[in-house]
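Structural overview for review
Given next are the chains, with one letter for each unit.
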Amino acid sequence: MTATNTHSAIDAVWRIESARIIAGLARMVRDVGLAEELAQDALVAALQQWPESGIPDNPGAWLMATAKHRAIDVFRRNKRLERKHEELGRELQAQQEMAVPDFNAALDDDIGDDLLRLVFVSCHPVLSTEARVALTLRLLGGLTTEEIARAYLVPEPTVAQRIVRAKRTLSEARVPFEVPRGPDLATRLSSVLEVIYLVFNEGYSATVGEDWMRPALCEEALRLGRILAELVPNEPEVHGLVALMEIQASRSGARIGPSGEPILLLEQNRARWDQLLIHRGFAALQRTEVLGGVRGPYALQATIAACHARAHTAAETDWHRIVALYDALAEIMPSPIVELNRAVSARDGLRSGSGSRTHRHAGFGAVPQGLPPLAQRAR
């Protein structure tokens, strides 16, 4: 394998494994900023060693073991953290000794819990919305500062400052590396869903720049949403958000014409809608219904999207049900955007005259709080 191929492989491994490595390290050192630095040190070591030694059988475990070595070195060198060294150094040393002969043991069994903790820390309400988005894409998405800046069309130093300030804020606020419990869970989970949705929405209907869409952001948001659904499988609004994103993303190939012009929803070629994404969205909606979350704001918006997805043609759209769903949404999430979409849907139903002839479909899903993609730019 050439050096170029090795570097490409390392990039792929990092994108897949970085969040788990940072999460595991953050649990040990109790500092997200330090955890990322240790993970980056391991990445540098891989870039230096793997082109010569070859890619290990378990590259993620190799990176974790190397990062743990670095953590031990940091604690030993830093006199100001002597107490922390005493408390954590022995634990890390023991884990190191176990991991060296067997890299398969380097990744801890509770990595799912670690990832969930990292999700909640990255999206902590103590951070600004922009900081939460940047930190989430950096720590959980594995994106570089340059990639985030390019995706959002902002200067790279701006993104770098947001990330640095976010980590400093978390440290100064002594935000615990834990999953919130009790009444705090709903509020904190709402913040997480908002961040993922904002990433998706910027990709689905870009607010700046000439591009109508940025598919890479949609894909990253979908990936994060699917991971979250696995980590908290009993939260209906999580599945609702995933349902909304899956169904909305299914239209991506039909939303832009040959010259880059936007194509409105009712004028799109539905044969170009991605049926795999639609069925994944329906499955997430069904999961939401099973969990009893059919009236959550994400669920209602996802169900609206599902109404469009189930209609084989624009004329078959069940406008009566869509209007009723917007009525329900307006009760729990009143906004001018919701009212506008309801009015447009009622108008389209009158024009088509087909609302009363369409089939009624049971099943709700979940969707994001905020401006639904239906309300932005091209519907």
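Just so you know, these numbers come straight off a predicted model, no measurement behind them.

**Let's talk about the overall build of the chain**
- Within the chain, the regular secondary structure consists of 15 helices and zero strands.
- In the chain, which comprises 379 residues, the proportion classed as buried is 53%.
- Contacts in the chain between residues far apart in sequence, at least 24 positions, make up 74% of those at least 6 positions apart.
- Counting only carbon and sulfur atoms, one obtains 52% of the accessible surface of the chain, whose full area is about 17700 Å².

**Observations regarding unusual backbone geometry**
- Phi at Arg30 is positive, roughly 60°, even though this residue is not glycine.
- Within the chain, Leu153 stands out as a residue other than glycine whose phi angle is a positive 55°.
- By the secondary structure assignment, Leu153 is in the loop between helix H7 (145-152) and helix H8 (156-172).

**As for the packing of H7 against H8**
- The contact between H7 and H8 brings their axes to 8 Å, and the two run at 115°. Judged by the sense of rotation from one axis to the other, the crossing of H7 with H8 is right-handed. Residue-level inspection shows Thr145, Glu146, Ile148 and Ala149 of H7 in contact with H8, the latter providing Glu156, Val159, Ala160 and Ile163.
- For the contact of H7 with H8, a count of residues per class yields five nonpolar, one polar and two charged.

**Section: the nonpolar core**
- Formed by 92 residues in total, the largest nonpolar core has its most connected members in Leu25, Leu63, Leu118, Tyr152, Ile196 and Leu228.
- For this core, the element with the most residues is helix H1 (residues 3-29), which contributes 11 residues.
- Apart from the residues within four sequence positions on either side, Leu118 is in contact with Ala19, Ile22, Ala23, Val32, Leu139, Leu140 and Phe177.

**A word on the environment of Thr303**
- Mapping Thr303 onto the fold places it in helix H13 (residues 297-310).
- The exposure class assigned to Thr303 is buried, which follows from its relative accessible area of 0%.
- Here the alpha-carbon distance between Thr303 and Ile322, two residues 19 residues apart in the chain, equals 8.4 Å.
- Here Ala299 takes part through its backbone oxygen, which lies 2.7 Å from a polar atom of the side chain of Thr303.

**Concerning the confidence of the model for the chain**
- On average, residues of the chain score 84 in pLDDT, and 83% of them are at 70 or above.
- The low-confidence segment residues 98-109 (pLDDT under 50) makes 21 contacts with residues lying over four places distant or belonging to another chain.
- Residue range residues 354-379 is modelled with pLDDT below 50. Its contacts to residues more than four positions away, or to other chains, number 126 contacts.

**Quick word on the side chain of Glu36**
- Within the secondary structure, Glu36 sits in helix H2 (residues 32-53).
- Within the local environment of Glu36, its side chain forms a polar contact with the side chain of Lys167, the two groups lying 2.6 Å apart.
- Glu36 has contacts with Ile22, Arg138, Leu139 and Lys167, leaving out every residue within four places of it along the chain.

**So, the packing of helix H6 (residues 129-139) against helix H9 (residues 183-204)**
- In the contact formed by H6 and H9, the axes pass within 10 Å of each other and the chain directions differ by 75°. Between H6 and H9, the crossing angle belongs to the class labelled roughly perpendicular. Facing H6, whose interface residues are Thr129, Arg132, Val133, Thr136 and Leu137, H9 presents Ser191, Glu194, Val195, Leu198 and Val199.
- Of the residues in the contact of H6 with H9, the class split is five nonpolar, three polar and two charged.

**So, the packing of aromatic side chains**
- Applying the stated criterion across every chain, the model contains three aromatic pairs.
- Both rings, one in Trp50 and one in Trp62, keep their centres 5.2 Å apart while their planes meet at 70°; by these two values the pair is edge-to-face. In this pair, Trp50 sits in helix H2 while Trp62 sits in helix H3 (residues 59-77), placing the two residues 12 residues apart along the sequence. Trp62 shares its class with Trp50; the two are buried.
- Look at Tyr197 and Tyr298: their rings are 6.5 Å apart centre to centre, the planes differ by 85°, and that puts the pair in the edge-to-face class.

**Brief notes about the side chain of His124**
- Mapped onto the elements of the fold, His124 is located in the loop between helix H5 (111-122) and H6.
- A relative accessible area of 15% places His124 in the buried class.
- Apart from the residues within four sequence positions on either side, His124 is in contact with Arg132, Leu170, Val175 and Arg188.

**A closer look at the environment of Ala45**
- Along the chain, Ala45 falls in helix H2.
- On the basis of relative accessible area, Ala45 is assigned to the buried category, the value being 1%.
- Considered as a pair, Ala45 and Leu63 are 18 residues apart in the sequence and their alpha carbons are 8.5 Å apart.
- Each residue touching Ala45, except ones within four places of it in the same chain, is listed here: Trp62, Thr66 and Arg70.

**Observations concerning H8**
- The end-to-end C-alpha distance of H8, which contains 17 residues, comes to 24 Å, matching closely the 24 Å that a straight helix rising 1.5 Å per residue would cover.
- Val159, Ile163, Ala166, Lys167 and Leu170 are the residues of H8 that are buried. Seen end-on, H8 carries its buried residues on one side only, within an arc spanning 90°. Facing away from the buried side of H8 by more than 90 degrees, the exposed set consists of Pro157 and Glu172.

Definitions and cut-offs
- Residues numbered from 1 in each chain as written.
- Predicted model: local features only at pLDDT ≥ 70, side-chain atom pairs only at ≥ 80, totals over all residues.
- Heavy atoms only, no water.
- Helix = DSSP H or I, 4+ residues; strand = E, 2+ residues; numbered from the N terminus.
- Buried < 20%, exposed > 50% of the residue type's maximum accessible area, 1.4 Å probe, protein only.
- Contact = heavy atoms within 4.5 Å.
- Areas by Shrake-Rupley, 256 points an atom, 1.4 Å probe, with all protein chains shown as cover.
- Axes fitted to C-alpha atoms, helices over the stretch in contact; angles between N-to-C directions.
- Left-handed = near helix turned anticlockwise from the far one by under 90°.
- Nonpolar A, V, L, I, M, F, W, Y, C, P; charged D, E, K, R; others polar.
- Core = buried A, V, L, I, M, F, W, Y, C linked by side-chain atoms within 4.5 Å.
- Polar contact = N/O pair within 3.5 Å; in protein donor to acceptor, adjacent residues only side chain to side chain.
- pLDDT = per-residue confidence, 0-100.
- Parallel < 35°, antiparallel > 145°, perpendicular 65-115°, else oblique.
- Phe/Tyr/Trp six-rings, centres within 6.5 Å; stacked < 30°, edge-to-face > 60°.
- Expected span 1.5 Å × (residues − 1).
- Arc of directions from axis to C-beta.

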